[in-house]
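Here is what each chain is made of, one letter per residue.
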Amino acid sequence: MGYYDSHTQEPQTRVVKKGSKGGYFFSGLVGVMIGALIVWLMMPSLVGMMPGGVNGTSSDTESSSLPSDTTQVSTDITTDVTSAVEKVVGAVVGVTNIQSSSDFLNPSGASQEAGTGSGVIYKKSGDKAYVVTNNHVIEGANQIEVTLADGAKVEAKLLGTDIWTDLAVLEMDASKVTAVAQFGNSDKLKQGETVIAIGNPLGLDFSGSVTTGVVSGKDRTIPVDLNGDGQQDWQAEVLQTDAAINPGNSGGALVNLAGDLIGINSMKIAQSSVEGIGLAIPINSAIPVIEDLEQFGEMKRPSMGVTLVDVTDVSAFHQRDTLRLPEEVTTGVVVDEVVGESPADVAGLQRYDVIVEMDGEKIENIIELRKHLYNEKEVGDSLTIKVYRAGQLMEMNLELTDNSAL
């Protein structure tokens, strides 16, 4: 075991032949070239599979070169509202109240704009056109300017005003007038019926603005302080709507879906606790005033010479014990005061008499009384009324006089 076996083979040393590394490099290079050739030949089929661009371009280039997926259509929408607006909007104008400056630092007395409102062209006759607006819009004006729907400005002349109904009528040159509003019938309006207010809220920058709503209430009366003394001087008859009516809308149009003028926007109850109550003068009440203002410059009303209160505003106790009305009588108009030497005084009407009938027509409230008096009667006419006095039904005749005579 301790001997050396001469036949045991020694481990052989590997001998690398000179030049073998160069062979490997050459073989690798050839492989790369072949691979590149194969990829180049396959490129057309890989184009659609590449996440980037097309034909070697970026995705931005692709989006700009391909047709857009966005489509645009042009549809002509016509509704009852759009038809009504199209019919009357050209007759709604801006009314600018221009007054002379009284600033002592401006001795020239230059005129300046005191406010703007709206108006409605209701008539065109010959070379003249006539505009109805609110009295408070043009109050105190030295000059009045009407702005038509196309922006043209025309000087207007004040024909007359009526503080009681807050209406005024203007006359202007008709050469640029292209539209005239048509009077509707406000008595035919239904509660919940759609109405459209058109005017210039917040000034002429928003001229021809359109808002929609419904008739919220008919035959409303609201107290009005005419002389600013804090006392109620009048019960104004109005329509109530939830169509937005803002400052500047005053004097504008309230129309129905037929595009007929059924009211003149007049005011808005603007209180923090009140939302969506707009008011308009019913056109049936406005027409007699408009006609008189255009013709005479004032409203000539037949007058009885009384102040009135609705029976429904009187407590049940006073209806029974003070007025002594029969149980079946729950409506009518109470005489509060009688003006001396007036038609009512001459006829013998007394305080606490309750008017229930005029010329055979039942009268349930002040609005119905005024409608009959102002729409059916004229100064000098005879009026037959029936009243309850201390529970007894009586009949009287009055000869109506001009309200301005009282």
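You'll find the structure just up there.
Treat the numbers as computed from the prediction; the structure is a model and nothing was measured. (Residues numbered from 1 in each chain as written. Predicted model: local features only at pLDDT ≥ 70, side-chain atom pairs only at ≥ 80, totals over all residues. Heavy atoms only, no water.)

Student: Which residues make up the pairing of strand β12 (residues 278-282), and what values go with them?
Tutor: Within a regular beta strand, the side chains point alternately toward one face of the sheet and then the other, so they alternate between its two faces. Along β12, 5 of the 5 residues are buried, which leaves the element largely enclosed by surrounding structure. Sheet topology places strand β9 (residues 234-241) next to β12; 3 bridges connect them, and they run antiparallel. Bridged to L239 within β12 is A280. (Buried < 20%, exposed > 50% of the residue type's maximum accessible area, 1.4 Å probe, protein only. Helix = DSSP H or I, 4+ residues; strand = E, 2+ residues; numbered from the N terminus. Pairing = 2+ DSSP bridges.)

Student: Please provide a residue-by-residue account of the environment of N246, values included.
Tutor: Looking at the element boundaries, N246 is found in the loop between β9 and β10 (253-255). Taking relative accessible area as the criterion, N246 reaches 28% and is therefore assigned partly exposed. Along the primary structure N246 and P201 are separated by 45 residues, whereas in three dimensions their C-alpha atoms are 5.4 Å apart.

Student: Can you lay out the packing of aromatic side chains for me, pointing to particular residues and giving the numbers?
Tutor: Under the definition given, this model contains 2 aromatic pairs. A centroid spacing of 6.5 Å and a plane angle of 45° characterise the contact between Y122 and Y130, whose relative ring orientation is tilted. Note on accessibility: Y122 and Y130 belong to one class, buried. Taken together, a centroid distance of 5.8 Å and an interplanar angle of 20° make the contact between Y122 and F183 stacked. Here F183 lies in the loop between β6 (167-173) and β7 (194-199) and Y122 lies in strand β2 (residues 111-125), a separation of 61 residues in the sequence. Take Y122: its relative accessible area is 9%, and that puts it in the buried class. On the basis of relative accessibility, which here comes to 29%, the residue F183 falls in the partly exposed class. (Phe/Tyr/Trp six-rings, centres within 6.5 Å; stacked < 30°, edge-to-face > 60°.)

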